[in-house]
Amino acid sequence: MLNVDEITRRILAELEEAEIENVFSTLNTVVAPTGATDELTAFIQAIQTLLDAGLITLGLTGSWPRVVDDAPAEDDRVLPPDLATCFRFDAERSLWTLRNGELRTSRLPEIRLTKTGREQSKTILDQSGYRWWRQ
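Residues numbered from 1 in each chain as written. Predicted model: local features only at pLDDT ≥ 70, side-chain atom pairs only at ≥ 80, totals over all residues. Heavy atoms only, no water.

Colleague: An account of unusual backbone geometry is needed here, citing residue identities and associated values.
Modeller: A positive phi angle, near 70°, is found at Glu 19, a position not held by glycine. With respect to the secondary-structure elements, Glu 19 resides in the loop between α1 (4–18) and β1 (20–22). We classify Glu 19 as partly exposed; its relative accessible area is 25%. (Helix = DSSP H or I, 4+ residues; strand = E, 2+ residues; numbered from the N terminus. Buried < 20%, exposed > 50% of the residue type's maximum accessible area, 1.4 Å probe, protein only.)

Quick look at the structure:
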């Protein structure tokens, strides 16, 4: 199984520049997608770890306030119990995608850094560099 601590570091590093990203793009970036269930399992565990630590929040496309708050709404700190069921692996394109609907037109679950998460993400990038796991 993939190392959950490593995946959490990768997620934070990826979000450093963008600050907000949909869960599908993030998963496809922080792992080399093969469709193995441990990719999705480790990713969901990493998201839960980051939520518990107050480093990220979750929301849907278009639901974010303009100002990042370190005290997000309670709902933004809870992992939806059905999040894993939103994913399917597209073997033809070798990537994780939305199980039902169209990525361009659906409201997607998104990850957003908190202020504390942004500080940690900068530290990680300073220590490890950009996308160190792909080098």
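Colleague: An account of helix α2 (residues 23–30) is requested, with residue identities and associated values reported.
Modeller: The element α2 is extensively covered by neighbouring structure, given that seven of its eight residues are classed as buried. When α2 is considered as a whole, its buried residues turn out to be Val 23, Phe 24, Thr 26, Leu 27, Asn 28, Thr 29 and Val 30. For α2, the N-terminal cap is Asn 22; the gap from its side-chain oxygen to the backbone nitrogen of Phe 24 is 2.8 Å. (Polar contact = N/O pair within 3.5 Å; in protein donor to acceptor, adjacent residues only side chain to side chain.)

Colleague: Explain the sheet that holds strand β5 (residues 109–113) to me, using residue names and the numbers behind them.
Modeller: The strand order β1-β5-β2 describes an open sheet built from three strands, whose pairing is antiparallel. Every interior strand has two partners, whereas the edge strands, β1 and β2 (56–60), have only one. Taking each pair of neighbouring strands and ignoring which way they run, the sheet shows an average axis angle of 25°. Summarising the sheet, β2 and β5 pair through five bridges and their orientation is antiparallel. Its bridge partner being in β5, Ile 56 is matched across the sheet by Leu 113. (Pairing = 2+ DSSP bridges. Axes fitted to C-alpha atoms, helices over the stretch in contact; angles between N-to-C directions.)

Colleague: Pulling in residues and values, what's your account of the packing of α1 against helix α4 (residues 115–128)?
Modeller: Between α1 and α4, the least distance of the axes is 8 Å, while the angle of their chain directions is 100°. Put simply, α1 runs roughly perpendicular to α4. Side by side, α1 and α4 meet where Arg 9, Leu 12, Ala 13 and Glu 16 of the first sit next to Gly 117, Gln 120, Ser 121, Lys 122, Ile 124, Leu 125, Gln 127 and Ser 128 of the second. Looking at the contact of α1 with α4, its residues break down into four nonpolar, five polar and three charged. (Parallel < 35°, antiparallel > 145°, perpendicular 65-115°, else oblique. Contact = heavy atoms within 4.5 Å. Nonpolar A, V, L, I, M, F, W, Y, C, P; charged D, E, K, R; others polar.)

Colleague: An account of the packing of aromatic side chains is requested, with residue identities and associated values reported.
Modeller: Inspection of every chain in the model, using the stated rule, returns four aromatic pairs. Arranged with centres 5.3 Å apart and planes meeting at 70°, the rings of Phe 89 and Trp 96 form a pair that is edge-to-face. Pairwise contacts between aromatic rings join Phe 24, Phe 43 and Phe 87 into one cluster. (Phe/Tyr/Trp six-rings, centres within 6.5 Å; stacked < 30°, edge-to-face > 60°.)

Colleague: Residues and numbers for the pattern of salt bridges, please.
Modeller: Tallied over the entire structure, the rule returns six salt bridges. A salt bridge links Arg 9 to Glu 6, with the shortest nitrogen-to-oxygen separation between them at 4.0 Å. In this pair, Arg 9 and Glu 6 both sit in helix α1, three residues apart, roughly one turn of the helix. We note a salt bridge from Arg 131 to Glu 14, for which the minimum N-O separation is 2.7 Å. With Arg 131 in the segment after α4 and Glu 14 in helix α1, the pair connects residues that are 117 residues apart, well separated along the chain. A residue is classified by how much of its surface remains accessible, and Glu 14, at 18% relative accessible area, is buried. In the salt-bridge network here, residues are joined through shared partners; they are Glu 6, Arg 9 and Arg 10. (Salt bridge = Lys/Arg side-chain N within 4 Å of Asp/Glu carboxyl O.)

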